[in-house]
Amino acid sequence: MDPSGFTYSVNTRKIFAVAPMMDWTDRHCRYFHRLLTKHALLYTEMVVADALIYGDVPRHLEFNEAEHPLALQLGGSDPDKLQQAAKLAEQWGYDEVNLNVGCPSDRVQSGTFGACLMRQPELVAECVHQISKSVQIPVTVKCRIGVDEQEPNVSLFELATGVLDAGCNALWVHARKAWLQGLSPKENRDIPPLDYDIVQQLKNTYPDRFIGINGGIKSIDQAAGFVSTGLNIPLDGVMVGRAAYQNPSILRHVDSAIYGDDTTSVELDDICSAMMDYSSRHLEQEGRVHHITRHMIGLFQGQPGARRYRQILSVEAARPHADQRIIRQAFESVKKYGEVAELAG
Ligand SMILES: Cc1cc2nc3c(=O)[nH]c(=O)nc-3n(C[C@H](O)[C@H](O)[C@H](O)COP(=O)(O)O)c2cc1C
């Protein structure tokens, strides 16, 4: 499989990304998101390097060609293992390999990767260096601004300097600390305060390097504000996680608002048919329709009929014999509330 020719460019083409999210951004979710935006960069869930080296590679790496541009996020801190995993990513046709330096979960801490690596910027730089030597696709990092008692204006800049010198093509910054003691992973996405200014300061320090921002961004208008060319030194990219997953219809504004492309048309009937076809192929491979529909339940958030739509896709689609027709039924239930139901956003 060939990568799609995706590249990062600084100060010219802005990038909108849907964040990597464990258990959420699996391949079915990404296929669905791709119907809503042609251009957004999509991320996999984090895959630990060991899982690729010792585990079932196709299970972790298979994806649909429609998902491009697509980045594989890796977890780990052993430069050799990460190098092997990155080579696999390239062979399988991913457009980018990204290293997770932001995830605070216990499981991840015990394996010395994720956010605790903010304390080991030299090791992270070494990982990036080894990966960059072995693949042609962009190598990127997603980090926090610091952990626990660290001073972000030291920890973020040390991490950034190390990885950018080591060949990192883009640094995505989740603009809050991770508190490694006492907060659950979920709390760590809400409680440590957001500090967008420090990410802007980082971009001012590295005007010629790709710096993207993430954390707490709720709408495409807000996202566009970060990369607006009206700013003195705009950021290069904006990454949205929960808002995109929970309210996916916002993604249909990405192509025009971020990429200046007004040609993407997102018709409800087309989404419905495409997801039915996709689900029917999944069912032929012994999959369940619920694996797919669980990612679609937020599509009509706030719309009349959304409750029934959600109920059909979450409850009825989970029944043993449910098939792709359940998707049509769910869409019909929304349509009946308007002449033609509009997507919110
Ligand atoms: C369910 C869930 C799973 C996540 N899994 C990952 C992950 O695998 N790798 C990662 O770097 N970040 C992960 N994150 C963090 C997001 O990528 C993102 O940084 C965070 O949610 C803040 O962005 P948001 O406010 O736009 O959601 C996860 C977030 C959620 C909600």
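Quick notes on the rules
- Residues numbered from 1 in each chain as written.
- Predicted model: local features only at pLDDT ≥ 70, side-chain atom pairs only at ≥ 80, totals over all residues.
- Heavy atoms only, no water.
- Buried < 20%, exposed > 50% of the residue type's maximum accessible area, 1.4 Å probe, protein only.
- Helix = DSSP H or I, 4+ residues; strand = E, 2+ residues; numbered from the N terminus.
- Arc of directions from axis to C-beta.
- Contact = heavy atoms within 4.5 Å.
- Pairing = 2+ DSSP bridges.
- Right-handed = clockwise from strand over helix to strand, strands pointing away.
- Near = heavy atom within 4 Å.
- Polar contact = N/O pair within 3.5 Å; in protein donor to acceptor, adjacent residues only side chain to side chain.
- Areas by Shrake-Rupley, 256 points an atom, 1.4 Å probe, with all protein chains shown as cover.
- 1 Å grid on protein atoms, 1.4 Å probe; cavity = no way out; pocket = protein on both sides within 12 Å on 5 of 7 lines; lining within 4 Å.
- Sits in = over half its atoms within 2 Å of the grid points.
- Nonpolar A, V, L, I, M, F, W, Y, C, P; charged D, E, K, R; others polar.
- Salt bridge = Lys/Arg side-chain N within 4 Å of Asp/Glu carboxyl O.

## Overview of helix α15 (residues 325-335)
Those residues of α15 that fall on the buried side of the exposure criterion are Ile-326, Ile-327, Ala-330, Phe-331, Ser-333 and Val-334. Along the axis of α15, the buried residues cluster in a sector spanning 155 degrees; they form a single face. Looking at the buried residues of α15, the elements they touch are α12 (268-284), α13 (289-293) and α14 (306-314).

## Concerning the pairing of strand β4 (residues 96-101)
For β4, a buried count of 6 out of 6 residues is recorded, marking the element as mostly surrounded by other parts of the structure. Sheet topology note: the strand β3 (residues 70-75)/β4 ladder contains 4 bridges and is parallel. Within β4, the residue paired with Leu-74 across the bridge is Leu-99. Considered for its hand, the β-α-β crossover made up of β3, helix α4 (residues 79-91) and β4 is right-handed. As judged from the 5 bridges shared by β4 and strand β5 (residues 139-143), these two strands associate in the parallel manner. The residue of β5 that forms the bridge with Asn-100 is Lys-142.

## Here's the deal with the site of the ligand
Surveying the vicinity of the ligand reveals 17 residues, the closest of which are Gln-73, Asn-214, Gly-216, Gly-241 and Arg-242. Separating an oxygen atom of the ligand from a side-chain N or O atom of His-174 is a distance of 3.4 Å. Protein contact buries 94% of the 610 Å² of open area that the ligand shows by itself. Here the ligand is seated within the largest pocket. When its residues are assigned to classes, the shell around the ligand shows 7 nonpolar, 7 polar and 3 charged.

## Examining the pattern of salt bridges
Going through the model one piece at a time under the given rule, you end up with 12 salt bridges. Between Arg-294 and Asp-26 there is a salt bridge whose closest N-O contact spans 3.4 Å. Residue Arg-294 is located in the loop between α13 and α14, and its partner Asp-26 is located in the loop between β1 (15-18) and α1 (27-36); the two are separated by 268 residues in the primary sequence. Accessibility expressed as a relative area gives 15% for Asp-26, which makes it buried. Its salt-bridge partner being Arg-308, residue Glu-316 comes within 3.2 Å of it at the nearest N-O pair. Under the relative-accessibility criterion, Glu-316 is labelled buried at 19%. One network of salt bridges, in which partners are shared, links Asp-23, Asp-26 and Arg-294.

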